[in-house]
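As a plain string of letters, each chain reads:
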Amino acid sequence: MTKYVGVLTAGGDSPGLNAALRAIGRSAADVYGMQVIGFLDGFRGLMQNRTLRLEGAALSGILTLGGTILGTGRDKPHRMPVGGAELDMTDVLIDTYNQHRLDVLVCLGGGGTQKSAHRLMKEGLNIITLPKTIDNDVAETDVSFGFDTALGIATEAIDRLHSTAHSHHRIIVVEIMGHNAGWLALGAGIAGGADVILIPEIPYDVELIAEAILRRSQMGKRFSIVAVSEGARSCDEIDGSKDDPKGAQRAGTDDEDDMGELLIGRGSLLLARRLEELTGLESRLTILGHLQRGGTPSAADRLLATRLGTACADLIHEGTYGVMVAARGEGTKAVPLSKVAGRRKTVALDHPWIQGARAVGTCLGD
Ligand code: F6P
């Protein structure tokens, strides 16, 4: 019996999404004779029944393309903005699923998408998810696709900032994405040799950072690169947020679909200004922003997306649903969605990357 497979990409786009779509589409159709249909713009396209057949020409030449040929969005089925209101459209999405007689809906996304997919699973749909995000914060997988590409971009940015910071004897604060997880800033900071790395998992003390920068100056190194994760916060900010609803909101955003609540750039700008005051060194701020998500995926992300996508087709063939296809070592593992949804993988304080950064003399702000 031919199986009917629906696929959508949701949340922020991530390099490797098209490689994953190609892998799912080709292996599902060519190996197992399944029919694969894509829904456009995430859960909204499923609600509105806007589709694209994922076969033949649609899958050609997309391995190297950034973004997603399906389009994406941060809408949630149970809180869908419709005509100025936020409505629970779950039943409408289920109608579309039934209309296409789908055997399974495959959702490619980060933390917020895993939660939405889990909700649909609890409503009785057959669901499989793939972990996609540059933030690398999806639980239960070694890594998510998009991370390696973004890591390369952020590392190159830090490399490039070195020569200009050095020439002008400046502090350059570079803000790196990652939501409330420090993987990207920590990884790029270590790989790019940042002098200070600040991540959400370690509240920072700006005076300790200034001292570290001044120690460098005394050794004749009159510039410093500070890699700061967009979710990093100072100890003062954390204390202040107890009485400040905005600060608390920023601290509490746990969902990749609630990005609007993160105050991008604000903390980093204050940090750059404060470091200038405390050290007397001129400071500048660079926000890498969406540059980190754009463009062609790295070879590692293409490999990972292909590995997860083809494993997904195998699981559909077996009839294994309600799982996320996780990367484990060189292979994959089907992890129950209930173990993934609502959890976030952050950097453990004893992670080898943290130990390595400290061992080479990097200031982590504590
Ligand atoms: O989750 C991926 C991510 O790139 C985060 O690192 C960042 O905070 C957020 O998305 C930005 O979201 P948007 O594209 O909606 O501005």
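This write-up is about the structure you can find in this document.

### What about the environment of Leu337?
For step 1, the next point in the chain: You can see Leu337 is positioned in the loop between β13 (331–336) and α12 (352–359).
For step 2, the next point in the chain: Looking at Leu337, the relative accessible area reads 0%, which means it is buried.
For step 3, the next point in the chain: Distance in space between the C-alpha atoms of Leu337 and Thr279 is 49 Å, their sequence separation being 58 residues.
For step 4, the next point in the chain: Setting aside chain neighbours within four positions, we find Leu337 in contact with Gln114, Ala117, His118, Met121, Ile127, Thr129, Gly322, Val323 and Met324.

### Observations concerning the sheet that holds strand β8 (residues 171–176)
For step 1, the next point in the chain: Read from one edge to the other, the open sheet built from 4 strands follows the order β9-β10-β8-β11, with strand pairing classed as parallel. The sheet terminates laterally at β9 (196–198) and β11 (283–287), the two strands that pair on one side only. Averaged over all neighbouring strand pairs, the angle between strand axes comes to 15°, with direction disregarded.
For step 2, the next point in the chain: As judged from the 3 bridges shared by β9 and strand β10 (residues 224–229), these two strands associate in the parallel manner. Within the sheet, the bridge partner assigned to Ile197 lies in β10 and is Ala227.
For step 3, the next point in the chain: Each of β8, β9 and β10 touches helix α6 (residues 183–192); the most contacted strand, β9, lies at about 170° to it.
For step 4, the next point in the chain: In the packing of helix α10 (residues 266–279) onto the sheet, contacts are made with β8, β9, β10 and β11, and the angle to β8 comes to roughly 160°.

Scoring rules and cut-offs
Residues numbered from 1 in each chain as written. Predicted model: local features only at pLDDT ≥ 70, side-chain atom pairs only at ≥ 80, totals over all residues. Heavy atoms only, no water. Helix = DSSP H or I, 4+ residues; strand = E, 2+ residues; numbered from the N terminus. Buried < 20%, exposed > 50% of the residue type's maximum accessible area, 1.4 Å probe, protein only. Contact = heavy atoms within 4.5 Å. Pairing = 2+ DSSP bridges. Axes fitted to C-alpha atoms, helices over the stretch in contact; angles between N-to-C directions.

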